[in-house]
Amino acid sequence: MTLQALLKKKDLTYLFLGGKGGVGKTIAASAISIKLAKHFDKVLVVSTDPAHSLSDCFDQDLSGGEAVRIDKVPGNLFGMELDAEKGMESFKELSSMGMPGAQDMGGMGMPGFGTTPNTTEGMPGGAPQMPGLDALGLGSDLLGDSIPPGSDEAFAFSKLLELIETNEYDLVVFDTAPTGHTLRFLSLPDYLDSFIGRMLKMRMRFGNLFKGIRNLFSGGAGEEGVEDNSMEMLETLKKTITKARIELADDTKTEFIPVTIPTMMALYETERLITSLKEYGIPVEHIIVNQLIPSSKDCPFCAKRFEIQEKTMLTLKQYFGEFIQTNVPMVPQEIRGIEQLTLLAEVLFK
Ligand SMILES: Nc1ncnc2c1ncn2[C@@H]1O[C@H](COP(=O)(O)OP(=O)(O)OP(=O)(O)O)[C@@H](O)[C@H]1O
Ligand SMILES: [Mg+2]
Ligand SMILES: [Zn+2]
């Protein structure tokens, strides 16, 4: 079976390719985006893995954090490697969400903010300064038991929110980082939702106190008459995140395709990945099994490997029988460049 069913999903908007390191996420995301660029008006393939290889894969420079038209592909395909470091620079000043450890989150790099009308750059001027939460004993109340995500994931997620808000592409294909990072990325809507919920409650309950703290830390200077719109900002952000949660859980709009290889290690990881995706409510319908080696009569090494692979493939069927499985053979050459990727797309959509 193949990925044909994807072509019938006219509302498909977010397609994630994920899995263990080195299994073929990047080549699969690239090949699929080449194919889907013929079926969707405007497609973006974006790498959220800080160790990018999208440029190498397409043989075109896609670094720099801006979407670049991939010119040798028929259709309207754009590619982008997220530049978290560069993004972090512009978000440094935004680490004023009053979050302990906000620095680690790159100030949460919340988007939609940078693009909100009547704000020039980054967080609007009225961003709440709430330092010293720990000293007030409020920090743990705000953060609960959840673990703040890393800055790369926060930045990637902020980009996702931006893409959801701007709606510029008909389809966005995500070439994700290996499993752990990606799960942190996908846990963000839940994490932020509860975080912001708590912030809002805090602001309601301690509104004056917060104002007091803010004035205290800004020396009370120049703040007079500046309207505090932080509540609205939080409300807006909460709405965007809620929208993201709904869209990511909508199986007409979103699909996550795990990529795996026929080894037990990869299968275990794939199983953990799928379990987590289910927890987050992210739809999974297909699974790609890559790097299948052919049977061999003459080479004892390959014959043995093939024998082991056959067993693993049986286990795989037991584990993942509910998903549409697409097998991709290991080929002698390295898969890279448009020509090779197009051939891979043919295999994936046969
Ligand atoms: N079926 C295959 N046949 C031949 N080469 C393959 C095949 N699948 C993947 N490769 C090669 O394996 C390497 C890893 O592929 P790719 O970069 O897509 O994996 P990845 O999962 O994105 O890795 P990472 O976790 O490092 O991002 C590439 O050089 C690719 O060309
Ligand atoms: Mg990759
Ligand atoms: Zn051999």
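Novice: How would you sum up the coordination of the zinc ion (ligand 3)? Please name residues and give values.
Specialist: Surrounding the zinc ion (ligand 3) are the protein donor atoms Cys-299 (SG) and Cys-302 (SG), at 2.1 to 2.2 Å. A relative accessible area of 28% places Cys-299 in the partly exposed class.

Novice: Could you give an account of the sheet that holds strand β8 (residues 324–329), with specific residues and numbers?
Specialist: Spatially, eight strands are ordered β3-β4-β2-β5-β1-β6-β7-β8 in an open sheet, and the strand pairing comes out mixed. Looking at which strands have only one partner, the edges of the open sheet turn out to be β3 (68–69) and β8. By the bridge criterion, five bridges tie strand β2 (residues 43–47) to strand β5 (residues 171–175) in an arrangement that is parallel. If you follow Leu-44 over to β5, its bridge partner there is Val-172. In the packing of helix α12 (residues 300–320) onto the sheet, the strands contacted are β6 (254–260), β7 (286–292) and β8, and the crossing angle to β7 comes to about 175°.

Novice: Before we move on, could you go through the pattern of salt bridges and cite the residues and values that matter?
Specialist: Following the criterion strictly, the structure yields twelve salt bridges and no others. Where Lys-9 meets Glu-255, a salt bridge forms, and the shortest distance between an N and an O atom there is 2.7 Å. Taken together, the positions of Lys-9 in the loop between α1 (5–8) and β1 (14–18) and Glu-255 in strand β6 put the pair 246 residues apart, joining distant regions of the chain. Put simply, Lys-159 and Glu-162 hold a salt bridge, and the shortest N to O gap is 3.5 Å. You can see Lys-159 and its partner Glu-162 sitting in helix α7 (residues 151–166), three residues apart, about one turn around the helix. Overall, the relative accessible area of 17% leaves Lys-159 in the buried class. Using a relative accessible area of 24% as the deciding quantity, one classes Glu-162 as partly exposed.

Quick notes on the rules
Residues numbered from 1 in each chain as written. Chains lettered and ligands numbered in written order. Predicted model: local features only at pLDDT ≥ 70, side-chain atom pairs only at ≥ 80, totals over all residues. Heavy atoms only, no water. Donors = N, O, S within 2.8 Å, 3.2 Å for Na, K, Ca; no water. Buried < 20%, exposed > 50% of the residue type's maximum accessible area, 1.4 Å probe, protein only. Pairing = 2+ DSSP bridges. Helix = DSSP H or I, 4+ residues; strand = E, 2+ residues; numbered from the N terminus. Contact = heavy atoms within 4.5 Å. Axes fitted to C-alpha atoms, helices over the stretch in contact; angles between N-to-C directions. Salt bridge = Lys/Arg side-chain N within 4 Å of Asp/Glu carboxyl O.

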